[in-house]
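Remarks on the overall topology
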Amino acid sequence: MIELVELPELVVIGIAVEGRFEDLSRVVPDAWNRLFDADTGATAFLEVSTGSGDGVYRELVGFMAATATEVPEGMTRLVVPSQRYLRLVHNGPLAEIYKGFSMLYAHADRRRLRTTEFKLDFGYAPGLPDAPHELHVALAPATLSLA
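Residues numbered from 1 in each chain as written. Predicted model: local features only at pLDDT ≥ 70, side-chain atom pairs only at ≥ 80, totals over all residues. Heavy atoms only, no water.

Per an unreviewed UniProt entry, the protein goes by GyrI-like domain-containing protein and derives from Ciceribacter thiooxidans.

The next point concerns the overall build of the protein. Along the backbone of the protein there are 2 helices and 8 strands. In the protein, the succession of helices and strands from N to C terminus is β-β-α-β-β-β-β-α-β-β. Taken over C-alpha atoms, the radius of gyration comes to 16 Å for the protein, in line with the 15 Å a tight globule of 147 residues would show. Projected onto the principal axes, the alpha-carbon positions of the protein cover approximately 55 × 35 × 30 Å. (Helix = DSSP H or I, 4+ residues; strand = E, 2+ residues; numbered from the N terminus. Rg over C-alpha atoms; globule rule 2.2 N^0.38 Å.)

Burial of strand 8 (residues 133-139) is extensive: 6 of the 7 residues sit out of reach of the surface. With 6 bridges connecting them, strand 6 (residues 83-90) and strand 8 associate as antiparallel partners. Counted as the bridge partner of Arg87 is His136 from strand 8. Pairing geometry for strand 7 (residues 115-124) and strand 8, over 5 bridges, is antiparallel. By the bridge assignment for strand 8, Phe122 is matched with Glu134. (Buried < 20%, exposed > 50% of the residue type's maximum accessible area, 1.4 Å probe, protein only. Pairing = 2+ DSSP bridges.)

This brings us to the packing of aromatic side chains. By convention here, two paired aromatic rings are described through the distance between centres and the angle between planes. The full count for this structure, using the stated rule, is 5 aromatic pairs. Where Trp32 meets Phe45, the ring centres are 6.4 Å apart and the plane angle is 80°; that geometry is what we call edge-to-face. Residue Trp32 is found in helix 1 (residues 21-37), and its partner Phe45 is found in strand 3 (residues 45-53); the two are separated by 13 residues along the sequence. Phe45 shares its class with Trp32; the two are buried. Aromatic ring contacts, followed pair by pair, group Trp32, Phe36, Phe45 and Tyr124 into a single cluster. Its guanidinium or amino end placed over the ring of Phe101, Lys119 lies 5.7 Å from that ring's centre, counting from NZ or CZ. (Phe/Tyr/Trp six-rings, centres within 6.5 Å; stacked < 30°, edge-to-face > 60°. Lys NZ or Arg CZ within 6 Å of the ring centre and 35° of its normal.)

As structure tokens, then:
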């Protein structure tokens, strides 16, 4: 079931990844393994897709953190503002998460909702098992129109 949700501001700390689409299946799992090998004490993991440009995709594989959490060496902090998302729970294989995102974008198109390239994917765990994931696609801010 696809639903409209609003998430509060989130603080994510993790490893930034950039790569062409064909490279993501290699560089993203490598970043996850590096993150899981780090001694962060984290328990809530997510992937943030911040967009693409010139054929290069930008991702942050990371964990939810408190504002005061120190950023480990080699990692970065991203503050995600409070915003509205379309949300879907994906219960299939990790390799098919892209299908869930496609469903979210198609749903938005049918309802004439403006989306962005910004996405959140909650549900990662050490070993990258197939487990439920919460997928979120950010909606563009609403514009007011005076008629």
